[in-house]
Amino acid sequence: MPDPIKPVIVGSVRAGIGPAGARLDEDLLAGLNEPQREAVTYRGPALLIVAGAGSGKTSVLTRRIASLLRAREAWPSQILAITFTNKAAGEMRERVRGLIGDVAQGMWISTFHSACVRILRREAEQFGFTKNFTIYDSGDSRALIKRLVKEHEADAFGLTPASVQGRISKLKNELADAESFARSANLSDPAERVFAELFADYQRALQRANAFDFDDLIGQTVYLFRAFPHVADVYRRRFRHILVDEYQDTNHAQYALIHELTRPPGDGGTLLDETEPASLTVVGDSDQSIYAFRGADIRNITEFERDYPGAKVVLLEQNYRSTQTILDAANAVIGNNFDRKDKKLWTDVGLGDPIIGFTGYSQHDEAQFVADEVEALRRRGIPYSEMAVFYRTNSQSRALEEIFIRAAVPYKIMGGTKFYDRAEIKDALAYLIAVANPADELSVRRILNRPRRGIGDVTETAIARYAQEEGITFRDALANVSALGVGPKIQQAIAQLDAVLAEATAIMLPASGEVAAPTSVTAGLTVLLNKSGYLDALRRSKDPQDEARVENLDELVAVTREFARGNPEGTVLDFLTEVALVSDADDLDDASGTVSLMTMHTAKGLEYDAVFVTGVEEDLIPHRISAGEPGGPQEERRLFYVALTRARKKLHVSLAMTRAQFGEVSAAMPSRFLQEIPHALIDWRQSPGDVNSRGGMKSRALNGRPSTGSGTGAGGGWSGGSRYGDDLVPLPKRERPAGDLTKFANRIPAKVRDNGDLELAPGDRIRHDDFGEGRVDMVTGEGAKRVAHVRFDTAGPKKLLIKIAPISKL
DNA sequence: GTAGTTCGACTTTTT
DNA sequence: GTCGAACTAC
């Protein structure tokens, strides 16, 4: 990517507000309200735009950039705009281009991670890396850490790969490194000492592999800037206008990076250097901070004015996205978070439709409601592409998928990095990495015996030992098979692998002077997959899944072709970088349109005409794990708030009474957040109370297998009280006796049915509201998941969730 | 060294 | 209900 650093024209930067500039701005300001105009036109060292959900912040940001360029206050190359996702970056670039045309070329609009990769590729040689470094995604890191944990036998100290990885990541987000950790840690605790060693080893391994993990991309760039001020100055002079979106979700390392970039260049340097620090614009909404779990520090926004004295603050509170009903619900929910600046979104588009609520018996039942409703909306003219379904955890997507496939609703799952997580794709990428960055031992080890070449642990260790003795890389050791002292068959296999890698290297990384052909990545990958025998092995296999793997690899080859089309000069490294940093395949919404399924986190920054928020249950949202974390429940509430505010016109909230996870069914309760939405705003198609009523409510689940736990007519039961922590008020107690369960709209009954710890033993006779009398065969499970296996006199054998089934002991 | 089997743990969210 | 790791049998 040619991107020469253009000289900064000192002094001209601030001069743009002339009469011409003002005139030029008029069309950019069209349709903006007063605060929005101010946010576009304000000029000064620092600007904080507090932008509520749907307040048009993207519009403001893009117009701000456009006006800077239009008035010649800045060259495109002087602008650095940071967004949260690659997708958002692409959209912003498009919108700026739409405003002022191709002048926009040369701007850096990217994520923190992409921007840092660009910087690091240029500067890697400054500190012991080479510019063909590779990027470890979380899976790669985990694999490496797993090996280290094993080597150190760290599990004896209660250190799991996951916990080590999480801790290292947290530390890196705080800009701590292995040494600084070791200095401050309590090393008399053996577990701490082992962890410190792991951390140091991990970092050494990364360095040896010429690789950065996600957190390093940011952290090492900060380190680079601090250790080499002359390098930092290059970027400080270059970037005159820095804009950061979603500022509430920046972590300390990212904050430090921005801080480094907005220092005056040549700190205390030459006399003539009067370059001012870059101007900084940040946009954020503390109510939408949902990434504290990965180190986002809300203080970055709340203390912005302290960090940048004299900063201008602009508040955007008018919402242009949703109906008043949706906003009222969202405002009411978020209002339950204490410790927040009160901010009320408003709109002038009117009340709109009520929120639609639905309670299913099971997650399939719930999914069926969503599918039906999607179809109904479609018939009323809302395109699929304007509908989205949100859930808290990725695993919830499965039930939705199953029903959507059955109902022939076109959908796509956003965000899940599934494709690039598949084993065969990772293998193929490891082949590419082995060529692009031979120092990356992890990748070479990965492909060593893939396909099966008869190279096992023993041989692998032999190669590693040989490499160490000779002081060469693992990759280079492969070229010296005869010295390894392994059998001729294995020698032959290794030599073959070495030859294939060499051939691909010649294609993708031709000797200096020559330029690789645009198709080099495609050609190289094809060679690797074919001549390594990888594809052959899959084709020969009788495992039916391997057929799909071949197709996936074809798909990957197609991706390289697509990449070549978009980046004629792109190298293998560019390709690998893109793959590592682009999470979802950034599908452009195709014309036919599909419903989007995604987690609530992924939903941030997006908007749809119709939104389905599913699984609104306790232990899911707020997630059970969040209860133990400081600020957890509040963050969950913000997450729910983000989900609600994505909807323009139609908002649906739904839940299931029973949810299967771990293959076991257990009873679920409505989320406390539901209770926080004013009842009058929700029109319950089927409220948690209804689900218990005996009158004519049948399971809508298509699979209709009554054996999946509760049977068809399981009563809805939500136990109130007791389980509430956090800052909430317990659900109001219902006065009516259980049994009188006619619909009462817009109320979530606190206690519809709860058999509590009704004891049942084999042999007991029971009566079920629907199935009549029967005899208990056995009881399995525990607590809320206790299941009675009952043989009914007339209805036959059923499995029932004891806690909520409409049964009584005789 | 490999293939097949059983057992266990596991699911929070992402660049 | 799924994925991976450990174990066993060739």
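Rules behind the numbers
- Numbers given for residues are sequential positions, taken from 1 along each chain in its written order.
- Here every chain gets a letter starting at A, and every ligand a number starting at 1, in the order they are written.
- Given that this is a predicted model, residues contribute local features only at a pLDDT of at least 70 and side-chain atom pairs are listed and counted only at 80 or more, while totals for whole chains, interfaces and linings are drawn from all residues.
- Excluded from the side-chain calculations are hydrogens and water; all other atoms, namely the structure's heavy atoms, are used.
- All axes are obtained by fitting lines to C-alpha atoms, using only the stretch in contact for helices, and the reported angles, taken between N-to-C directions, cover 0 to 180 degrees.
- Runs of E in the DSSP output that reach at least two residues are strands. Runs of H or I that reach at least four are helices, and both are numbered from the N terminus.
- Oblique is the label for any angle not covered by the other classes, which are roughly parallel (under 35 degrees), roughly antiparallel (over 145) and roughly perpendicular (65 to 115).
- By convention, the crossing between two helices is left-handed when the near helix turns anticlockwise from the far helix through less than a right angle, and right-handed when the turn is clockwise.
- Should any heavy atoms of two residues lie within 4.5 Å, those residues are considered in contact.
- The classification used treats Ala, Val, Leu, Ile, Met, Phe, Trp, Tyr, Cys and Pro as nonpolar, Asp, Glu, Lys and Arg as charged, and all other residues, Gly among them, as polar.
- By definition, two strands form a pair when at least two bridges between them are found by DSSP.
- Take the buried residues of types Ala, Val, Leu, Ile, Met, Phe, Trp, Tyr and Cys, join any two whose side-chain atoms come within 4.5 Å, and each joined set is a nonpolar core.
- Only protein chains enter the accessibility calculation, which uses a 1.4 Å probe; a residue whose area is less than 20% of its type maximum is buried, one above 50% is exposed, and one in between is partly exposed.
- Residues are classed as near a molecule or strand on a simple rule: at least one heavy atom within 4 Å of it.
- Here a polar contact means two N or O atoms within 3.5 Å. Within protein one must be a hydrogen donor candidate and the other an acceptor candidate, and residues neighboring in sequence count only if both atoms are side-chain atoms.
- Patches draw on residues past 30% relative accessible area with no salt bridge. Two like charges within 9 Å are joined, as are two nonpolar side chains (Val, Leu, Ile, Met, Phe, Trp, Tyr) within 5 Å.
- Shrake-Rupley sampling with a 1.4 Å probe provides the accessible areas, and residues are treated as covered by the protein chains on show and by no other component.
- Definition used for salt bridges: Asp or Glu carboxyl oxygen within 4 Å of a side-chain nitrogen of Lys or Arg.
- Charge counting follows a simple rule: Lys and Arg are positive, Asp and Glu are negative, and His as well as the terminal groups are ignored.
- Each charge is placed at NZ for Lys, CZ for Arg, CG for Asp and CD for Glu.
- Residue count minus one, scaled by 1.5 Å, sets the expected span of a helix.
- UniProt positions are given in the numbering used here, feature names are shortened, and annotations may be inferred rather than shown by experiment.

Draft legend 1. Region of the structure containing the packing of helix α10 (residues 214–227) against helix α12 (residues 252–261). Following both chains from N to C, one finds α10 and α12 inclined at 30 degrees, their axes separated by 9 Å at the closest point. Considered as vectors, α10 and α12 are oriented roughly parallel to each other. Crossing handedness for the pair α10 and α12: left-handed. In this structure, α10 contributes I218, T221, V222, F225 and R226 to the contact, and α12 contributes A253, Q254, A256, L257, E260 and L261. Partitioned by chemical class, the residues of the contact of α10 with α12 number seven nonpolar, two polar and two charged.

Draft legend 2. Region of the structure containing the sheet that holds strand β8 (residues 312–316). Spatially, the six strands line up as an open sheet ordered β3-β2-β6-β7-β1-β8, and their pairing is parallel. The open sheet has two edge strands, β3 (108–111) and β8, and neither has a second partner. Across the sheet, the mean angle from the axis of one strand to that of its neighbour is 15 degrees, orientation sign disregarded. For strand β6 (residues 241–244) and strand β7 (residues 279–284), the ladder comprises four bridges, and the chain directions are parallel. Directly across from I242, in β7, lies its bridge partner L280.

Draft legend 3. How the structure looks around the nonpolar core. Core analysis: the largest hydrophobic core is formed by 47 residues, its most contacted members being L429, L432, L501 and L528. A total of 10 residues in this core trace back to one element, the largest contributor, which is helix α19 (residues 423–436). Leaving out residues up to four positions away in the same chain, L501 has contacts with Y431, A434, V435, I447, R475, L478 and L528. In terms of nonpolar packing, the next biggest core, distinct from the first, is built from 45 residues, F112, A124, A256 and I301 among them.

Draft legend 4. Region of the structure containing the protein's contact with DNA strand B. The environment of DNA strand B is made up of 27 residues, and the closest members are R392, R452, I625, E629 and F662. When atoms of DNA strand B within 4 Å of the protein are split into backbone and base, the sugar-phosphate part holds 55%. One of the backbone nitrogen or oxygen atoms of N394 is found 2.9 Å away from a phosphate oxygen of DNA strand B. Take R452: an N or O atom from its side chain is 2.7 Å from a phosphate oxygen of DNA strand B. Among the residues forming the surface near DNA strand B, the class breakdown is seven nonpolar, 16 polar and four charged.

Draft legend 5. Up close: a negative patch on the surface. A grouping of E547, E551, D554 and E555 is seen on the molecular surface, where their side chains present a negatively charged patch. As for its position among the elements, D554 is in helix α26 (residues 544–566).

Draft legend 6. Region of the structure containing the sheet that holds strand β10 (residues 387–391). With respect to topology, seven strands assemble into an open sheet ordered β11-β12-β10-β13-β14-β9-β17, the strand pairing being parallel. Single-partner strands in this sheet number two, and they are β11 (411–413) and β17 (682–686). Looking at each pair of strands side by side, their axes are set apart by 25 degrees on average, direction ignored. In the sheet, β11 pairs with strand β12 (residues 595–599) via three bridges, with the strands oriented parallel. Each bridged residue has a counterpart across the sheet, and for K412 the counterpart in β12 is S596. The strands touched by helix α17 (residues 397–406) within the sheet are β10, β11 and β12, with β11 carrying the most contacts at an inclination of about 160 degrees.

Draft legend 7. The arrangement of helix α5 (residues 112–123) in detail. Helix length check: α5 (12 residues) gives 16 Å between terminal C-alpha atoms against 16 Å at 1.5 Å per residue, within 8%. Restricting attention to buried positions, one finds in α5 the residues F112, S114, A115, C116, V117, I119, L120, R121 and E123.

Draft legend 8. The arrangement of the protein's contact with DNA strand C in detail. Taken together, the residues surrounding DNA strand C are K146, K150, R398 and F662. Within the side chain of K146, a nitrogen or oxygen atom sits 2.7 Å from a phosphate oxygen of DNA strand C. Its residues assigned to classes, the surface near DNA strand C comprises one nonpolar, no polar and three charged.

Draft legend 9. Representation of the UniProt feature "binding site: ATP" (unreviewed entry) in chain A in the model. Summarizing the sequence annotation, UniProt attributes the feature "binding site: ATP" (unreviewed entry) to A51, G52, A53, G54, S55, G56, K57 and T58 in the numbering used throughout. When you line up the elements, G56 lands in the loop between β1 (46–51) and α3 (57–70). Residue G56 is classed as partly exposed on the basis of its relative accessible area, which comes to 23%. The residue T58 is located in helix α3 in this model.

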